[in-house]
Each structure stands twice: as C-alpha cells, then as structure tokens.
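A structural walkthrough
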Amino acid sequence: MAKITYREALNQALSEEIKRDNNVVLMGEEVAQFKGSYKVSEGMLEKFGAERVIDTPISEAAFSGLAVGAAMMGMRPVVEFMFWSFCYVAFDQIFNNAASVRYMSGGLINVPIVFRGPANGGTNVGATHSHTPENFAANTPGLKVICPATPADAKGMLKAAIRDNDPVCVMENTILYNMQDEVPDDPDFIIPLGKANILKEGKDMTIIAHGKAVHTSLEVAHTLEEKHNVSVEVLDLRSIRPLDVDAIIKTVKKTNRVLLVEENKPFCGVDAQIAFLIQDQAFDYLDAPIKRVSAIDAPQAYSKALENIQIPAHDRILAKAMELI
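Residues numbered from 1 in each chain as written. Predicted model: local features only at pLDDT ≥ 70, side-chain atom pairs only at ≥ 80, totals over all residues. Heavy atoms only, no water.

1. Observations concerning the overall build of the protein
For the protein, the count of helices and strands is twelve helices and 14 strands. Relative to the globule expectation of 20 Å for 325 residues, the C-alpha radius of gyration of the protein, 19 Å, shows essentially globular dimensions. By principal-axis analysis of the C-alpha atoms, the protein measures approximately 55 × 40 × 40 Å. Buried positions account for 56% of the 325 residues belonging to the protein. For the protein, the proportion of contacts with a sequence separation of at least 24, taken over those separated by at least 6, is 80%. Only carbon and sulfur atoms are counted for the fraction: they give 55% of the accessible area of the protein, which is about 13700 Å². (Helix = DSSP H or I, 4+ residues; strand = E, 2+ residues; numbered from the N terminus. Rg over C-alpha atoms; globule rule 2.2 N^0.38 Å. Buried < 20%, exposed > 50% of the residue type's maximum accessible area, 1.4 Å probe, protein only. Contact = heavy atoms within 4.5 Å. Areas by Shrake-Rupley, 256 points an atom, 1.4 Å probe, with all protein chains shown as cover.)

2. Focus: helix 4 (residues 91-98)
What helix 4 keeps buried is the set Gln93, Ile94, Phe95 and Ala98. Angular distribution of buried residues about the axis of helix 4 spans 165 degrees; they occupy a single face of the element. Structurally, helix 4 contributes buried residues whose contacts are with helix 3 (60-72), helix 5 (101-104), strand 5 (114-118) and helix 6 (134-138). (Arc of directions from axis to C-beta.)

3. Some details on the domain arrangement of the protein
Size of an interface, as often reported, equals the accessible area lost when the parts are brought together. What the domain assignment lists for the protein is domain 1 (2-183) and domain 2 (197-322). A separation of 26 Å is found between the C-alpha centroids of domain 1 and domain 2. Contacts between domain 1 and domain 2 engage 29 residues on the former and 25 residues on the latter. Of the roughly 2000 Å² buried at the junction of domain 1 and domain 2 (both faces included), carbon and sulfur atoms supply 53%. At the junction of domain 1 with domain 2, the criterion picks out one salt bridge. With a closest N to O distance of 3.1 Å, Arg238 and Asp153 form a salt bridge. Broken down by class, the residue content of the side of domain 1 that touches domain 2 amounts to 14 nonpolar, twelve polar and three charged. (Domains from an automatic or database assignment. Buried area = accessible area lost by both parts, 1.4 Å probe. Salt bridge = Lys/Arg side-chain N within 4 Å of Asp/Glu carboxyl O. Nonpolar A, V, L, I, M, F, W, Y, C, P; charged D, E, K, R; others polar.)

4. Section: the sheet that holds strand 3 (residues 53-55)
Ordered by their spatial adjacency, seven strands build an open sheet running 3-2-4-5-7-6-12, and the pairing between neighbours is mixed. Only two strands of the sheet have a single neighbouring strand rather than two, namely strand 3 and strand 12 (239-241). Within this sheet the neighbouring strands show an average axis-to-axis angle of 20 degrees, counted without direction. Relative to strand 7 (residues 168-172), strand 5 runs parallel, the two being bridged by five bridges. Across the sheet, residue Phe115 finds its bridge partner in strand 7, namely Cys169. Against the sheet, helix 1 (residues 6-20) makes contact with strand 2 (24-28), strand 3, strand 4 (76-80), strand 5 and strand 7, and its axis sits at roughly 130 degrees relative to strand 2, the strand it touches most. (Pairing = 2+ DSSP bridges. Axes fitted to C-alpha atoms, helices over the stretch in contact; angles between N-to-C directions.)

5. Let's talk about the sheet that holds strand 10 (residues 205-209)
What the five strands build is an open sheet, ordered 9-11-10-13-14; its pairing is mixed. The open sheet has two free edges, formed respectively by strand 9 (197-200) and strand 14 (291-293), since each of these has just one partner strand. Ignoring strand direction, the axes of neighbouring strands in this sheet form an average angle of 25 degrees. In the sheet, strand 9 pairs with strand 11 (residues 232-236) via three bridges, with the strands oriented antiparallel. Across the sheet, residue Asn197 finds its bridge partner in strand 11, namely Asp236. Where helix 10 (residues 270-281) meets the sheet, its contacts fall on strand 10, strand 13 (258-261) and strand 14, and the angle it forms with strand 13 comes to roughly 160 degrees.

6. As for the side chain of Thr132
Among the structural elements, Thr132 can be located in the loop between strand 5 and helix 6. Classification of Thr132 as buried rests on a relative accessible area of 11%. Once residues within four sequence positions are removed from consideration, Thr132 is found in contact with Ala119, Asn120, Gly121, Glu263, Asn264 and Lys265.

7. Some points on the nonpolar core
Counting 44 residues, the largest nonpolar core has Phe115 and Ile278 as its most contacted members. The set of elements that each furnish at least two residues to this core consists of strand 2, helix 3, helix 4, helix 6, strand 7, helix 9 (245-255), strand 13 and helix 10. Residue contributions to this core reach at least three from each of two domains, namely domain 1 (2-183) and domain 2 (197-322). Setting aside anything within four residues of it in sequence, one finds Phe115 in contact with Ser64, Val68, Val79, Phe81, Trp84, Ile94, Ala98, Val168, Cys169 and Val170. (Core = buried A, V, L, I, M, F, W, Y, C linked by side-chain atoms within 4.5 Å.)

8. Looking at empty space enclosed by the protein
Over the atoms, a rolled probe matching the size of one water molecule traces out where space is still vacant. One pass over the full model with this rule turns up one cavity of 30 Å³ or more. A volume near 140 Å³ is recorded for the largest cavity. What lines the largest cavity is a set of 15 residues, among which Ala119, Glu134, Asn173, Gly211 and Lys212 lie closest to the centre. Taken together, the residues of the lining of the largest cavity sort by class into six nonpolar, five polar and four charged. Two domains each donate at least three residues to the lining of the largest cavity, and these are domain 1 (2-183) and domain 2 (197-322). (1 Å grid on protein atoms, 1.4 Å probe; cavity = no way out; pocket = protein on both sides within 12 Å on 5 of 7 lines; lining within 4 Å. Points joined across faces, edges and corners; volume = space filled by probe spheres on them.)

9. Digging into unusual backbone geometry
Omega for the peptide link from Arg241 to Pro242 comes to 5 degrees, which places this bond in the cis form. Its place among the elements puts Pro242 in the loop between strand 12 and helix 9. Residues other than glycine seldom take positive phi values, yet Asn124 does so here, at roughly 60 degrees. Examined against the element boundaries, Asn124 turns out to sit in the loop between strand 5 and helix 6.

Right under this line is the structure:
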C-alpha cells in the first residue's frame, strides 16, 4: 500500500497489465514520446518500447478503428482520448462497431478494448472539450462505462476493464489527476465492474454520485452533519453500466430520502435513469420526493465564473439537500 496520485494509479494499472499480458497495448495521441497529454503514461515508452506504447496520428476515427480490429483479432488495446469530447469523431467505431460485434457474431468474436481519458468540465476549455458522455455511452448496449472517483478505484477498475472481454469506456476527470490516496501495490488488485461503494455511512439521507461529484457530495455530507445534525450516507456509483441497482435500492430503503448528484447534463442523464429505478423499486420507502442536482442544461461555458455556476458546487447541492429535510 502506498500513497500515490490518481494519475500514478492509472500509470501503475497500465504498466502492470502491459507487463502481465503481451496482448495489451496503449495507443493514442502523444502517449509515447510526450508521455501522454496528462502524463498518465510517463516512463512507459522507456519500459515497454514503441510496439506496446504507440503514438498515433491525430485521427480518433483512424486509431479507434484500428484498435477495434486489433481487439477482434485477440489484442487488448487501451485507447487514450485526449478528451472524451473527441469520441464523437469515432462514433461509428465505438458505438456502432465495438459495441455490436460480439452480439452480431453470436458471441464468437469478443472486442476486449478500453477507451479511456478525461470526461469532465471545470477546466475552462470550452464546450467542445468539456463533455461528460457517460450517459451517452451507457445508452449503447454492449458498452460498459465506469467513472472512478479515487486513486484506488482508478487502478483497480482500469485493470478490471483491461481484462474484460467487452468494450469498456473509462471516464476520468482531469481535476482528480493530482488527488492522492492509499493504493494497493498488489499487481492482482482488481475492483470488479458493476459494484458501487458506500464512502460514508448515514441514516437520514443518501447522496448518490459518481466521478468528481462524489467528492463535492462528501463535503456537503460533512456540512449537513456538522451544522444541521443530519446523518448522510454517500454512495459512489463507480460503475454506470453495469449499474449496481441492489446497492442503490438498499441505501434508499435505509435512509428513505435520496439526493442524486452528477456533473452530467440533466436531460436523459444518468440520474434520470436512477430516479426511475428508485421510484419503480423503492417508492413505498420514500419519505420525500427524489431530488436531483446536475450541470445546468447548456453547452459548457468557457468563462471560469460561469462554469463554476454551471457545474454542481457545494452550495447548490446543500440547498437542494435542505429541501429534503
């Protein structure tokens, strides 16, 4: 166990899996000589060489298509996007082909591929670089979608994704890359996909979140306890698809009040699906209507002041939580 950053945890996961399995390769723009746009792959070119850590042309459509074909032939490519916003350039390769091949082949052809990179706003890079497409990807049968919120989850879930026989979309957050926490150094440390995690126990209300919103939610939970004597449970989804429905329903039955928090846009968002599941499977346990806080429904602002308002922040989440109690 060592205290390392989220970025270093991703690097560990990639390095361990490349070392463990000769079929694992990392590819993307600037992942080799430049060490990755966010330095996630620092030192990997020197350790594993240019056949395992591959710089690609600036064409997501080209290298995503190449990776899908390689996966169909038995490789396990990890594709890094500089921003998940650029996945739309490779829409056909990811959402049409990678997601569908196993089903259309009657299970004869697996597509063990990982698409990973930053999927977040909050860094003032404008609307075309700030998408949070976890709802978009999760809407596509055949794709798995995860959003690790801690360094340990980043390592354990990325390793699980690389070993999975289905395409997995790993949505990271650049703001978390420097976050430090304890991470197991065991090369077999794995966190199974589809398992949520209770980060804080409580009895009066549950906040359900994923990604960076988990950390904002924890801050709000502590404020509610310290200033309002409200005991708050915080459930980190970790995995969007498969979704841990059992964990969601269990915590709602325990606390009887639920606040859903996401940095996704509200229309057809992840929390819209979760709200439906709760009212469908735990309606009689609710003592108050389900409340929800998401990003404001507009293209992401470039202005720092506006973007700070657009993304769920402490005070907006707290105000909504107070409505529940």
